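Results of the structural survey
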Amino acid sequence: MRQNWWKVLCILLLVYTLGMTFYIRLNPGIIAVSETTIQPGYNELTLVGFNTHFEQERESLQIFIRSDSSFICTDLIEVLENDKVTFGFITPSELPSPSIDIFCNNDKDGTLFLGNALFCEGITKGAILEDCEVVVKTDAQTGFGYPFQPRIFESIRNLMLHVPMWFTMFIILFISFVSSIRYLSNPKKEWDLRAETSVNVGLVFAFLGLITGSVWARFAWGAWWVNDPQLNGALVTTLIYIGYIVLRAGITDDQKQARVAAVFNIFAYVILFILLMILPRFSEGLHPGKGGNPGFNTYDLNSSLRAVFYPAVLGWILLGYWIYHLHLRMNRLRNKLYYDEEL
Amino acid sequence: MYLYWNVAPGEFILAKVIYNMGLMLLLGFLAFGAFVLFLGAAPFESNMWVPYMLGITLGSIGFASLLTLVSGIAAQSESGVGLTAVLGIPIVIPLILLLNRYNENILLNVPFNDNLENLGFLGVLTLGILGLSYILFPYLWRD
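Quantities reported herein were computed from a predicted structural model and do not represent experimental measurements.

**Thoughts on the nonpolar core**
A:Tyr146, A:Met169 and B:Ile73 are the most contacted members of the largest nonpolar core, which totals 96 residues. If you tally residues by element for this core, the top one is helix H5 (residues 254-278) of chain A, at 15 residues. In this view, A:Met169 contacts A:Gly202, A:Phe205, A:Ala206, A:Thr237, A:Leu272 and A:Leu276; residues no more than four positions away in its chain are not counted. If you look at the next biggest cluster of nonpolar residues, it comprises 25 residues, including A:Ile72, A:Val79, A:Leu95 and A:Leu112.

As structure tokens, then:
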């Protein structure tokens with residue numbers, strides 16, 4: 001039991017993170033407004049919120065629209081539901097910018113924001129005469145919740161499943177890479193077993209990462225697969241490691257198989273690193289993290305997301321290592337049984 | 001067998017890479033000639049032909065060094081040449097992506113200084129592959 005403490009830790013972390021992944025609610029936000037283009041003059045729109053408390057906080061509810069840096073106040077007409085409110089305002093014929101952002105204030109939800117929500121047609125460029133006084137509420141009691149992201153909504157929970165898969169794959173394949181180097185410097189069957197087992201386990205996590213990513217892409221981008229450097233890199237990586245398995249199957253001589261596979265494996269990890277860590281950094285695409293960390297942007301994480309995300313990464317890595325460990329022991333026994341070799 | 005006794009593996013792989021480089025350069029420039037013949041000489045018109053040639057040269061060298069090692073690996077297995085394609089196609093993809101971006105930038109008349117990053121990365125990648133081949137090939141060669 002003493003040396004298996006990390007297995008207990010792994011189970012605890014995974015139970016905690018899987019529970020928190022689905023239990024915690026999202027912070028309030030604005031999903032959309034009923035129109036996307038407006039004309040100068042009087043406009044009446046319906047605003048649709050998400051996890052908001054318009055009805056409860058009817059007293060403190062305020063809605064502003066912003067063009068460039070000047071604000072226009074709006075009048076509330078009717079609060080329909082907790083997440084639905086109609087409001088009206090007069091658009092002047094002169095605006096600093098035709099694209100309009102919407103702000104929504106109340107005591108419970110704080111200040112919500114939807115950028116480029118409206119486009120105003122047929123205006124001339126100019127300053128707004130009456131500016132509206134805006135109170136930004138930053139001290140609202142939103143509590144422990146995942147950040148609301150436009151277009152991603154509830155699927156932000158997938159962060160706890162999708163990203164740790166790739167982290168785990170990286171770690172497991174790194175074990176394989178190191179084992180292959182050690183095999184080449186000291187050809188023992190043990191190193192070969194380690195390399196082979198970890199590639200198999202790493203591939204499982206790569207497939208899981210591809211599946212969770214694909215589901216997420218369908219939700220956020222509307223397609224199961226998009227042409228993006230990060231996605232293609234991930235697919236190619238998987239193909240390379242499938243190539244590793246094919247290569248092993250193609251060689252019958254044991255020693256030769258181990259040696260050739262080790263050479264290919266070292267090569268494959270270098271390519272993997274280039275494909276997933278370096279190339280996406282300076283290319284354009286949909287996947288978050290362009291021009292920086294290729295996983296996610298730091299501003300996407302709030303403190304509650306971090307409190308679940310980091311344990312999730314650690315938990316999945318430990319689980320991956322556990323699976324690898326079991327497989328390795330099984331392979332060692334099988335090796336002993338069939339070949340009666342001392343390792 | 002004869003080669004095995006007489007030539008150091010490092011030298012052997014370098015010789016093989018140089019031969020393949022020559023072949024790839026020849027093929028690359030032939031293909032470029034065919035493109036100019038049938039599709040017009042866009043790189044010449046936009047005064048970008050030096051970087052373009054540089055791209056072809058580095059790309060050919062990169063391809064040659066990559067595929068030499070991969071075919072060396074594939075030759076060790078019983079299934080032979082067919083495996084080169086299976087192993088090689090995913091591995092050349094980063095190189096293809098990089099070359100694609102580099103050449104696209106040239107045809108879009110992006111200033112050469114902005115494109116230098118891609119070229120540098122291409123060079124580093126090629127050098128890295130060459131170094132890896134040089135280090136790893138002796139392990140394949142021992143039989």
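**Focus: the domain arrangement of chain A**
Each domain of chain A was delimited in the assignment, giving domain 1 (29-125) and domain 2 (153-339). A straight line from the C-alpha centre of domain 1 of chain A to that of domain 2 of chain A covers 45 Å.

**Some remarks on the packing of aromatic side chains**
Residue and element names in this part refer to chain A. Tallied over the entire structure, the rule returns 13 aromatic pairs over all chains. Centroid distance Trp-6 to Trp-322: 6.4 Å. Interplanar angle 75 degrees. Geometry classified as edge-to-face. Residue Trp-6 is located in helix H1 (residues 5-23), and its partner Trp-322 is located in helix H6 (residues 303-339); the two are separated by 316 residues in the primary sequence. Cluster of aromatic residues (ring-pair linked, three or more members): Trp-6, Tyr-321, Trp-322 and Tyr-324.

**A short note on the environment of A:Phe207**
Residue and element names in this part refer to chain A. As for its position among the elements, Phe-207 is in helix H3 (residues 189-220). With relative accessibility at 39%, the residue Phe-207 sits in the partly exposed group. Between the C-alpha atoms of Phe-207 and Ala-234, which are 27 residues apart in sequence, the distance is 9.5 Å.

**As for the side chain of A:Arg248**
All names here are of chain A. Of note, Arg-248 is situated in helix H4 (residues 229-249). Using a relative accessible area of 6% as the deciding quantity, one classes Arg-248 as buried. Looking at Arg-248, its side chain comes within polar contact range of the side chain of Tyr-244, at 3.0 Å. Ignoring any residue separated from it by four or fewer positions in sequence, one finds Arg-248 in contact with Asp-192, Glu-196, Gln-257, Ala-258 and Ala-261.

**Section: the packing of helix H4 (residues 49-76) of chain B against helix H6 (residues 112-141) of chain B**
Helix-helix packing: each pair is described by the crossing angle between the helix axes and the interaxial distance. Residues and elements named next belong to chain B. At their nearest, the axes of H4 and H6 sit 10 Å apart, and the two run at 25 degrees to each other. Overall, the two elements H4 and H6 adopt an arrangement that is roughly parallel. Relative to H6, the crossing made by H4 is left-handed. Contacts from Pro-51, Leu-54, Leu-58, Gly-59, Ile-61, Gly-62, Ser-65, Leu-66, Leu-69, Gly-72, Ile-73 and Gln-76 of H4 reach H6 at Phe-112, Leu-119, Leu-122, Gly-123, Thr-126, Ile-129, Leu-130, Ser-133 and Leu-140.

**Quick word on the sheet that holds strand E7 (residues 84-91) of chain A**
Two strands in a sheet stick together by hydrogen bonds in their backbones, pointing the same way (parallel) or opposite ways (antiparallel). All names here are of chain A. With antiparallel pairing, the four strands of this open sheet are ordered in space as E1-E3-E7-E6. A single partner strand is all that each edge strand has here, and the edge strands are strand E1 (29-33) and strand E6 (75-81). Direction aside, the axes of adjacent strands within the sheet are offset by 30 degrees on average. Sheet topology places E6 next to E7; five bridges connect them, and they run antiparallel. Considered in E7, the bridge of Val-79 is made with Val-85.

**Re the pattern of salt bridges**
All names here are of chain A. Per the stated rule, a full pass over the model turns up nine salt bridges over all chains. In this structure, Arg-58 and Glu-55 form a salt bridge, with 3.9 Å as the shortest nitrogen-oxygen distance. By relative accessible area, which is 40% here, Arg-58 ends up partly exposed. Judged by relative accessible area, which is 37%, Glu-55 ranks as partly exposed. Shared partners join several salt bridges into a network, and the residues in it are Lys-189, Asp-192, Glu-196, Arg-248 and Asp-254.

**Some details on H5(A)**
Between its terminal C-alpha atoms H5(A) stretches 35 Å, which fits the 36 Å expected from 25 residues at 1.5 Å a residue. The buried fraction of H5(A) amounts to 19 of the 25 residues, a majority that puts the element mostly inside the structure.

**Examining a nonpolar patch on the surface**
Among the surface-exposed residues, A:Phe207, A:Ile211, A:Val215, A:Trp224, A:Trp225, A:Leu235, A:Leu239, A:Ile242, A:Val246 and B:Val86 lie close enough to one another that they form a single nonpolar patch of about 870 Å² accessible area. Of all the secondary structure elements, the ones that give two or more residues to the nonpolar patch are H3 and H4 of chain A. By the secondary structure assignment, A:Ile211 is in helix H3. A:Ile211 sits in the exposed class, given a relative accessible area of 52%.

Cut-offs used in this document
- Residues numbered from 1 in each chain as written.
- Chains lettered and ligands numbered in written order.
- Predicted model: local features only at pLDDT ≥ 70, side-chain atom pairs only at ≥ 80, totals over all residues.
- Heavy atoms only, no water.
- Core = buried A, V, L, I, M, F, W, Y, C linked by side-chain atoms within 4.5 Å.
- Buried < 20%, exposed > 50% of the residue type's maximum accessible area, 1.4 Å probe, protein only.
- Helix = DSSP H or I, 4+ residues; strand = E, 2+ residues; numbered from the N terminus.
- Contact = heavy atoms within 4.5 Å.
- Domains from an automatic or database assignment.
- Phe/Tyr/Trp six-rings, centres within 6.5 Å; stacked < 30°, edge-to-face > 60°.
- Polar contact = N/O pair within 3.5 Å; in protein donor to acceptor, adjacent residues only side chain to side chain.
- Axes fitted to C-alpha atoms, helices over the stretch in contact; angles between N-to-C directions.
- Parallel < 35°, antiparallel > 145°, perpendicular 65-115°, else oblique.
- Left-handed = near helix turned anticlockwise from the far one by under 90°.
- Pairing = 2+ DSSP bridges.
- Salt bridge = Lys/Arg side-chain N within 4 Å of Asp/Glu carboxyl O.
- Expected span 1.5 Å × (residues − 1).
- Patch = residues over 30% accessible without salt bridge, like charges linked within 9 Å, V, L, I, M, F, W, Y side chains within 5 Å.
- Areas by Shrake-Rupley, 256 points an atom, 1.4 Å probe, with all protein chains shown as cover.

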